[in-house]
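# Working through the structure, step by step
If you want the building blocks of each chain, they are given just below.
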2 protein chains.
Amino acid sequence: MAHPITPLSPPLKGELDIVIHTIKNLDFLEMWRPFLQPYHLIIIQDGDPYKVIKVPNGFDYKLYNRNNVDRVLGPKARCISLMGFAYSCFDFLVSKKCIFTIDDDCFNLLTPSTPLFFNTLYDPYRDGADFIHGYPFSLREGVSTAISHGLWLNIPDYDAPTQLVKPRERSTRYVDAVMTIPKGTLFPMSGMNLAFDRELIGPAMYFGLMDYGQPFGRYDYMWAGWCAKVICDHLNLEVKTGLPYIWRSKASNPFVNLKKEYDGIYLQEEIIPFFQSIVLPKKCTTVQECYVELSKLVKVNLGYVDHYFQQLGDAMLTRIEAWEELNPPKEASSAAEPKSLKKEEPSPKSK
Amino acid sequence: MAHPITPLSPPLKGELDIVIHTIKNLDFLEMWRPFLQPYHLIIIQDGDPYKVIKVPNGFDYKLYNRNNVDRVLGPKARCISLMGFAYSCFDFLVSKKCIFTIDDDCFNLLTPSTPLFFNTLYDPYRDGADFIHGYPFSLREGVSTAISHGLWLNIPDYDAPTQLVKPRERSTRYVDAVMTIPKGTLFPMSGMNLAFDRELIGPAMYFGLMDYGQPFGRYDYMWAGWCAKVICDHLNLEVKTGLPYIWRSKASNPFVNLKKEYDGIYLQEEIIPFFQSIVLPKKCTTVQECYVELSKLVKVNLGYVDHYFQQLGDAMLTRIEAWEELNPPKEASSAAEPKSLKKEEPSPKSK
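Residues numbered from 1 in each chain as written. Chains lettered and ligands numbered in written order. Predicted model: local features only at pLDDT ≥ 70, side-chain atom pairs only at ≥ 80, totals over all residues. Heavy atoms only, no water.

### Observations concerning the relation of the copies chain B and chain A
- At an RMSD of 0.0 Å, chain B and chain A line up after a rotation of 180 degrees and a shift of 0.0 Å along the axis. In symmetry terms, the pair is related by a two-fold rotation axis. When C-alpha positions in chain B are compared against the rotation axis, the closest is assigned to Val175(B), at 2.8 Å.
- The residues that chain B uses at the interface reappear at the interface of chain A in 100% of cases, marking a shared surface. (Least-squares fit on C-alpha atoms with pLDDT ≥ 70 in both. Contact = heavy atoms within 4.5 Å.)

Set out below in C-alpha cells:
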C-alpha cells in the first residue's frame, strides 16, 4: 500500500463513493476502517429487504435494499436484477461521484490512458516511467481514463470449468504494472476492485438482467465491460487494468457457478463477435446516446439468438431513462429556454 | 534467471541462432559463456571490415563483415545499410533458425499469443496462470507467436528528447509479465533483446535504410516492428512483449541520438497513421507476398512525404528478392511440376 495507515488528508475525499454489495453484517469494515471511514459508503443489501444489516459505528453510509430500489425507480425498477451482483448497479444510479467497488486506491482514474499505440513500458504516467523510444509524440497526451480495473491475488477469477479443472491454483504473481487496454480490444471486466468515473461512463455501467429469474448469471460485470469498452472506444475514453490488487480469500462454489454460467459460456460465443463488430454512429456524442444505440443493436443482432436479448435491450433503455430521471442534465433550466435564444444569439445570462 | 547456470541440456539447442552486432572484440562473451557456448553465433562486424575482431575460444560462430555482405548479396547489398543497427538485419538473411539478438530465453515463441481478446491475467500459458472468467472459449487456442519482445532494466529505452529531459531516470521496476500485443495495435519494437521465429516472420524483419547516408537513423527496429506487426495481424500471427529482461548498463549519447532521430520524430507522425490504416489484400497469404504489397503501399502513400520512402520501398523489394535467392522455397522441385498435376489431380507422389 502506498499510503500511510492514517493519512493526514485522505485522497479524493468528497470525490469518491465506496460501493459495498452484501447479504450479511458488515463486520469486515473494521479491518478497512483506516481507509474507508473518511468516505461515503453506499451499501446495497441483496436478498430479503426486511433482514437488518449491521454496520459498525462511525461510518457515513446510506443503505439501500429492494424496497428502496422499488421506491426510487417505480416501474423502472424492472431493469434492476432481483438478486446477485447485477443488482448492485443500482448504486451507480444514485451515487454522485467517482465509484469504487472496493480498495483504497483509484488513482488510475487521475492520469490519462494511451489506447492508440502500445507503450511497452506500461503506464507512462507512473513515477519512474515514460513513453518508450518510438512512441509518437502527438499521442503522448493520451485520453481520459474512465475505468480502472484492478486485479486479484490468491483466488483467481476463473470461470467454473477452469475452477473445476484447477481447484488448487492460486494467483501468487504480483505484476507491478498498470496498462491501457488498446482501442478496439475487448476485455473481461470484473465487478470487484473496479473504479470508474461516473461523469464519464456512469450510464454504461449497467450489469444487465442476470441470475435470479434470468437464463444465466455471472456475466453481469462482463456485460457492463463490453458495453463500456465499445463506448469508450467511440468517445475517445479508455480503460486501464492492472494495479491495485486485492487479496481474495475465499473462492465461490464452482458447481453453483457452473449452473449459473453454462448458458452464458455458449451465448458469449455470439455476444463477443457482435461487440467486436459494433461501429457506433458519429452522431452519438454522449454515453447516453451511445447506450441507446447499443440497446437497439442488441435487440436487432442478438434478439434472434435468444429472446432474452430482446428483454435485455428493453432493460438497457429503461436503465437509461432511469438514469436521466435521477440525474437530470446540469443545465436543465437553461435547456427550457427557447432554442433561438440559446443557439443563434447569446442570452443575456451568458458571457 | 529461471535456468541453472550450466543446464544439462541447453534449451532449444540446434533450433536457436544467437546474433551479435559489434564494432569491437567480444570479450563480454566470457560472461555469457555458460549460456551461449552451446549455440551457433552469427557475429555481424560493423564498420571497417579489415579490422580483426577477437572472439574468445570455444564458441561456434560465423563472422560476417561488409565484404561478406557484398559477396553474398552482390548488387542486392544496396538494401543493407552501411553502418549501425540496421546493418545487422543481414544476419536474418543467412541464419536458418530461430533468431535471438541477446538473452538466454526465447520460450515466449513456444507458446501461443492471444491477440483477439485481452487476458487481464497476462500470458495465460504461463505456469500458475490461465484465461480469466469471461474469456471466450473459442479463442483459447490462440495463434502462433512470431516475435518475442523483451524489455530492459536500468537504462530505459528512451528517445533523445526524453533522455535529455530525464538524464537520471532508471528503469527499476521488474514487471513479472508477458503479454500479447492485441490485433490492430502497433508498438515500438526494440532490436535489443528480441527473438523471432524466422520461419514465420523472417522476411519482414528488415531494418530499412537507416543511419549513414540516409536522412535519419534510430528507427530501424521500429520500421521492422511496424511492418512485422501489420503482417502478423493479417496472417493471424502475433507478438508478445514483457519478459525476459536484460540489464542495460550504458546509455547511448543523447546528443548523437538527437541528431540521428530528429527527422524521424517528425516523419513518424506520417508513418504511424499510414501503418494504422493498412489493410492487406486477402490474396496475400505469405509474409513475402504481404511484404511486397507493403513495399508498394510505402511508395504510394509515403513517397509524397519524402522521396526517401521511394528508395526505402525499392530496398524493401530488393530485400525480399535477396531473401528468396538465399532461401529458395523448400518445394522448389515440386513447384516445377505442371499446375494441372498439382492442383486438379493428385500427382502419383502425393498420398
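### A word on the pairing of strand β2 (residues 40–45) of chain B
All names here are of chain B.
- Here β2 lies mainly inside the structure; 5 of its 6 residues are buried.
- Alignment of strand β1 (residues 16–22) against β2, held across 6 bridges, turns out to be parallel. Bridging from a neighbouring strand, Thr22 pairs with Gln45 of β2.
- As for the winding sense of the linkage, the β-α-β connection from β1 through helix α1 (residues 29–36) to β2 is right-handed.
- As defined by bridge partners, β2 adjoins strand β3 (residues 60–64) across 5 bridges and the pair is classed as parallel. (Buried < 20%, exposed > 50% of the residue type's maximum accessible area, 1.4 Å probe, protein only. Helix = DSSP H or I, 4+ residues; strand = E, 2+ residues; numbered from the N terminus. Pairing = 2+ DSSP bridges. Right-handed = clockwise from strand over helix to strand, strands pointing away.)

### Considerations on the interface of chain B and chain A
- Counting residues at the interface gives 56 residues for chain B and 56 residues for chain A.
- Among the residues of chain B in contact with chain A, Phe118(B), His133(B) and Arg173(B) are the three that bury the most area, contributing 17% of the side total.
- The tally of links from chain B across to chain A stands at 6 salt bridges.
- Inspection of the region where chain B meets chain A yields 24 residue pairs in polar contact (both at pLDDT 80 or more).
- Within the residue set of the side of chain B that touches chain A, elements represented by two or more residues are β5 (144–154), α4 (160–165), α6 (220–235), β8 (237–248) and α7 (254–277) of chain B.
- By residue number, the principal contributor to the side of chain B that touches chain A is α7(B), which donates 6 residues.
- A breakdown of the residues in the side of chain B that touches chain A according to their chemical character gives 29 nonpolar, 12 polar and 15 charged. (Buried area = accessible area lost by both parts, 1.4 Å probe. Salt bridge = Lys/Arg side-chain N within 4 Å of Asp/Glu carboxyl O. Polar contact = N/O pair within 3.5 Å; in protein donor to acceptor, adjacent residues only side chain to side chain. Nonpolar A, V, L, I, M, F, W, Y, C, P; charged D, E, K, R; others polar.)

### Overview of empty space enclosed by the protein
- The tally for this structure, following the rule as stated, stands at 8 cavities of 30 Å³ or more.
- Classifying every residue of the lining of the second largest cavity by side-chain character gives 8 nonpolar, 3 polar and 2 charged. (1 Å grid on protein atoms, 1.4 Å probe; cavity = no way out; pocket = protein on both sides within 12 Å on 5 of 7 lines; lining within 4 Å. Points joined across faces, edges and corners; volume = space filled by probe spheres on them.)

### Looking at α1(B)
All names here are of chain B.
- Taken together, the buried positions of α1 are Leu29, Trp32, Phe35 and Leu36. Taken around the axis of α1, the buried residues stretch over an arc of 95 degrees, which confines them to a single face.
- Taken together, the buried residues of α1 touch β1 and β2. (Arc of directions from axis to C-beta.)

### Things to note about a nonpolar patch on the surface
Residues and elements named next belong to chain A.
- Taken together, the side chains of Leu164, Val165, Phe255, Leu258 and Tyr262 make up a nonpolar region of the molecular surface, amounting to roughly 530 Å² of accessible area.
- Of all the elements in the fold, those that place two or more residues in the nonpolar patch are α4 (160–165) and α7 (254–277).
- No other element matches the 3 residues that α7 contributes to the nonpolar patch.
- Summarising the element assignment, Tyr262 is placed in helix α7. (Patch = residues over 30% accessible without salt bridge, like charges linked within 9 Å, V, L, I, M, F, W, Y side chains within 5 Å. Areas by Shrake-Rupley, 256 points an atom, 1.4 Å probe, with all protein chains shown as cover.)

### Some remarks on the nonpolar core
- Counting residues in each nonpolar core, the largest one holds 138 residues, and the members touching the most others are Ile201(A), Trp223(A), Phe275(A), Ile201(B), Trp223(B) and Phe275(B).
- Within the second largest apolar cluster, 14 residues are counted, among which are Leu16(B), Trp32(B), Phe35(B) and Phe59(B). (Core = buried A, V, L, I, M, F, W, Y, C linked by side-chain atoms within 4.5 Å.)

### Concerning the pattern of salt bridges
- Tallied over the full model, the rule gives 26 salt bridges over all chains.
- Lys229(A) is the partner of Glu238(A) in a salt bridge, and the nearest nitrogen-oxygen pair spans 3.2 Å. Take Glu238(A) and Lys229(A): they sit in the same class, and that class is buried.
- Note that Arg66(B) and Asp70(B) form a salt bridge whose closest N and O atoms lie 3.4 Å from each other. On the criterion of helical spacing, the pair formed by Arg66(B) and Asp70(B) is a turn pair, its members being 4 residues apart in helix α2 (residues 66–73).
- With a relative accessible area of 12%, Arg66(B) lands in the buried category.
- Judged by relative accessible area, Asp70(B) falls into the partly exposed class, the value being 36%.

### A few points about the packing of aromatic side chains
Residues and elements named next belong to chain A.
- Considering all chains together, one arrives at 26 aromatic pairs over all chains under this definition.
- Look at Tyr219 and Trp226: their rings are 6.4 Å apart centre to centre, the planes differ by 40 degrees, and that puts the pair in the tilted class.
- The structure contains a cluster of three or more aromatic residues connected by ring pairs, namely Phe216, Tyr219, Trp223, Trp226, Phe274, Phe275, Tyr308 and Phe309.
- Over the face of the ring belonging to Phe137 we find Arg140, whose NZ or CZ atom lies 3.8 Å from the ring centre. (Phe/Tyr/Trp six-rings, centres within 6.5 Å; stacked < 30°, edge-to-face > 60°. Lys NZ or Arg CZ within 6 Å of the ring centre and 35° of its normal.)

### Here's the deal with the confidence of the model for chain A
All names here are of chain A.
- Residues at a pLDDT of 70 or more form 85% of chain A, whose mean pLDDT is 85.
- The secondary structure element of chain A with the lowest average pLDDT is helix α11 (residues 339–344), at 38, and the one with the highest is helix α8 (residues 287–302), at 98.
- Contacts for the low-pLDDT stretch residues 333–351, under 50 throughout, to residues beyond four places or in other chains number 9 contacts. (pLDDT = per-residue confidence, 0-100.)

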